[in-house]
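Per-entry structural report
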Amino acid sequence: MKQEITDSDTLSADVIPAVISPPRSSQSSSQSFLQSFLQRFLNGKTGLVAIYLVFLAAYLGASGPRLRRPSPYNHFAYLAQGWLSGSLALTTDPPNENDWARVEILKLQDGSELKGQFSRRGATDRFIPLSGPSRTVRDDEIVSRRWKRYVSFPPFPAVVMTPLVAIWGLSTNDVILTAVWAALNPVLLFMLLGFLRRKNYSERTPVEDLWLTVMFGAGSVYFFASVVGQVWYTAHVMATTMVIGYVWASIEGHRPALAGLFVGLGFATRTPLGFMLPLFLFEVVRAEGGWQKLWQTRRLPWRLVLRLLRFAVPAVAILAILLVHNHLRFERWGEFGHKYLNIIWQDRMQRWGLFNYHFMSRNLTAALVLLPRVLAKWPYLQVSRHGMSLFLTTPNLGYLCKRGVRSPLAWGLWLSVLATALPSLMYQNSGFVQFGYRFSLDYMIFLVALLAVGNVRMTWVFKLLILLSIPLNLFGAITFDRMTQYTYSDSFFPNGPE
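First, a word on scope: everything that follows refers to the structure included in this document. A quick note: this is a predicted structure, and the numbers were derived from the prediction, not measured.

Considering the overall build of the chain
- Across its full length, the chain holds 19 helices and eight strands.
- A compact globule built from 498 residues should have a C-alpha radius of gyration of about 23 Å, and the chain, at 25 Å, falls within 12% of that.
- In terms of overall dimensions, the chain has a C-alpha envelope of 95 × 70 × 45 Å along the principal axes.
- With 498 residues in all, the chain has 52% of them scored as buried.
- For the chain, long-range pairs separated by at least 24 residues make up 75% of all intrachain contacts whose partners lie at least 6 apart in sequence.
- Element-wise, carbon and sulfur atoms account for 62% of the exposed surface of the chain, whose accessible area totals about 23600 Å².

A closer look at the sheet that holds strand β7 (residues 381-384)
- In spatial order, the strands read β6-β7-β8; together these three strands make up an open sheet with mixed pairing. Each having just a single partner strand, β6 (373-374) and β8 (487-488) make up the two edges of the open sheet.
- Pairing of β6 with β7, which is carried by two bridges, proceeds in the antiparallel orientation. By the bridge assignment, V374 is partnered in β7 with L381.

Section: the packing of aromatic side chains
- In this structure the tally under the stated criterion is 26 aromatic pairs.
- On the basis of an interplanar angle of 15° and a centroid distance of 5.6 Å, the ring pair of F330 and Y340 is categorised as stacked. Separated by ten residues along the polypeptide, F330 in helix α13 (residues 302-330) and Y340 in the loop between α13 and α14 (346-352) bring together distant segments of the chain. Neither residue differs from the other here; F330 and Y340 are each classed as buried.
- The rings of Y73, F153, F224, W232, Y233, W378, Y380, F435, F475, F480 and Y486 are connected pair by pair, giving a single aromatic cluster.

Regarding the nonpolar core
- Ranked by size, the top nonpolar core spans 117 residues in total, and within it Y59, Y246 and F446 carry the most contacts.
- Of the residues forming this core, the biggest block, 13 residues, is contributed by helix α9 (residues 231-250).
- Apart from residues lying up to four places away in sequence, Y59 is in contact with A179, A182, A183, P186, G217, Y222, F223, S226 and V227.

Some points on the pattern of salt bridges
- Per the counting criterion, the structure on display carries ten salt bridges.
- Between E113 and R146 there is a salt bridge, and its shortest N-O distance comes to 3.9 Å. Taken together, the residues E113 in strand β2 (residues 113-118) and R146 in strand β5 (residues 142-150) connect sequence positions 33 residues apart.
- For E113, a relative accessible area of 45% translates into the label partly exposed.
- Overall, R146 belongs to the partly exposed group, its relative accessible area being 42%.
- A salt bridge links R197 to D209; its shortest N-O distance comes to 2.3 Å. Linking R197 in helix α6 (residues 184-198) with D209 in helix α7 (residues 206-218), this pair joins segments that are twelve residues apart in sequence.
- Of the residues examined, R197 reaches a relative accessible area of 16% and is grouped as buried.

Details of the pairing of strand β1 (residues 101-108)
- Within β1, six of the eight residues are buried, which leaves it mostly tucked inside the rest of the structure.
- The pairing of β1 with β5 spans eight bridges and is antiparallel. Considered in β5, the bridge of I105 is made with R146.
- Bridge count between β1 and β2: four bridges; the pairing is antiparallel. Within β2, the position partnered with L106 by the bridge is L114.
- Hairpin connection from β1 to β2: four residues lie between these consecutive antiparallel strands, with G111 at a positive phi of about 90°.

Procedures and definitions
- Residues numbered from 1 in each chain as written.
- Predicted model: local features only at pLDDT ≥ 70, side-chain atom pairs only at ≥ 80, totals over all residues.
- Heavy atoms only, no water.
- Helix = DSSP H or I, 4+ residues; strand = E, 2+ residues; numbered from the N terminus.
- Rg over C-alpha atoms; globule rule 2.2 N^0.38 Å.
- Buried < 20%, exposed > 50% of the residue type's maximum accessible area, 1.4 Å probe, protein only.
- Contact = heavy atoms within 4.5 Å.
- Areas by Shrake-Rupley, 256 points an atom, 1.4 Å probe, with all protein chains shown as cover.
- Pairing = 2+ DSSP bridges.
- Phe/Tyr/Trp six-rings, centres within 6.5 Å; stacked < 30°, edge-to-face > 60°.
- Core = buried A, V, L, I, M, F, W, Y, C linked by side-chain atoms within 4.5 Å.
- Salt bridge = Lys/Arg side-chain N within 4 Å of Asp/Glu carboxyl O.

Spelled out as structure tokens, the structure:
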């Protein structure tokens, strides 16, 4: 049976072998052959290996001298070392005082012991214990005082690092580990985009999927986050893997247990990922006929309930482990430790809390409109330590505002973006210190998926913007946290007390 192709059809690897059109010219014939070869190459295992090796070389190359030693903020190695020693606290003094949770332990004259921290607002003798009401503690009541330090960041990356720490101890090189892991995510993203195409949600060709993969891996803040190690960026890189797995497992609700597992592991890596539930919920409902059908029948189908339970089991199991881990350290199930960070903005945390609407306007500024400084003399360009607008680091995100194909995945993806972004937008910190708005990595995969399924035409302008974003993000990857002449501090989001 003859297969017809209209001008609006997108050339795909499945069509090429079945239809061979006579060339209009030698040039068009060579272009068609090259495109055919490239798409077949990308569809094979060799193409996936090539993508991994290219990104690995890019990340290791941009890391440069950082590869020689662990980063100065190798918190997960310290957490793993504590576990191996049978302790939930650090067993050695930390190399610095940057983002460690510090609990003060007081022994009083009456023989009692208090654990917690002194207030940094108002009366300096007001002590806030781990549990129970605050109380006044005078200096003459204190017989002795000591401190315990903890890693308050979600612990899954430390689980990954534990076998390495068992071998190399605190010399475990988090820079190399992060770069090697980071190169996996573009490959997994490319596979996810191919999965969306095979499911007929995306009309992109493998070559166009590669453009989107390059946009993410080299044309976004993922680039600089992949090359420095450090507790914050290692977590971002590993969390990205969980988001990719979650999107794959959520499509059509066919893999609920895996979707729940990835949500649990995501929450155990980056707290905001615990809120990326809408995509799975929308997909599992869509698989049962949609919201309208549920509303009309006014009952939950047994198959839907079963899928929700299968989703919940691994997610709740991981959550339970995290809650126990919290309680054993800080005597509260929901306290993971950021409340006790020994940082200069502790007083604003005590005043407003970790999450508050008060912080949203400045976080939105950092995410959307913050610009670098352009100078008339060397170094000519300086980036705020709060980062810069997403529309500068990844300008192709602007295409999300353009009307495309209405995808059945759009609602779930957009609501997952909103749910995952909101905690960071209300957080007491903009992501400081960063080259670009790093918290966007919590939902960047959702945004790339929206670009794929929206099927907005990938014009030469779209591709040019990707090519322009690569040197900008490469500049960030090379200079970040080691060439301070290219950064500046501003006062719109105070580093210290407000």
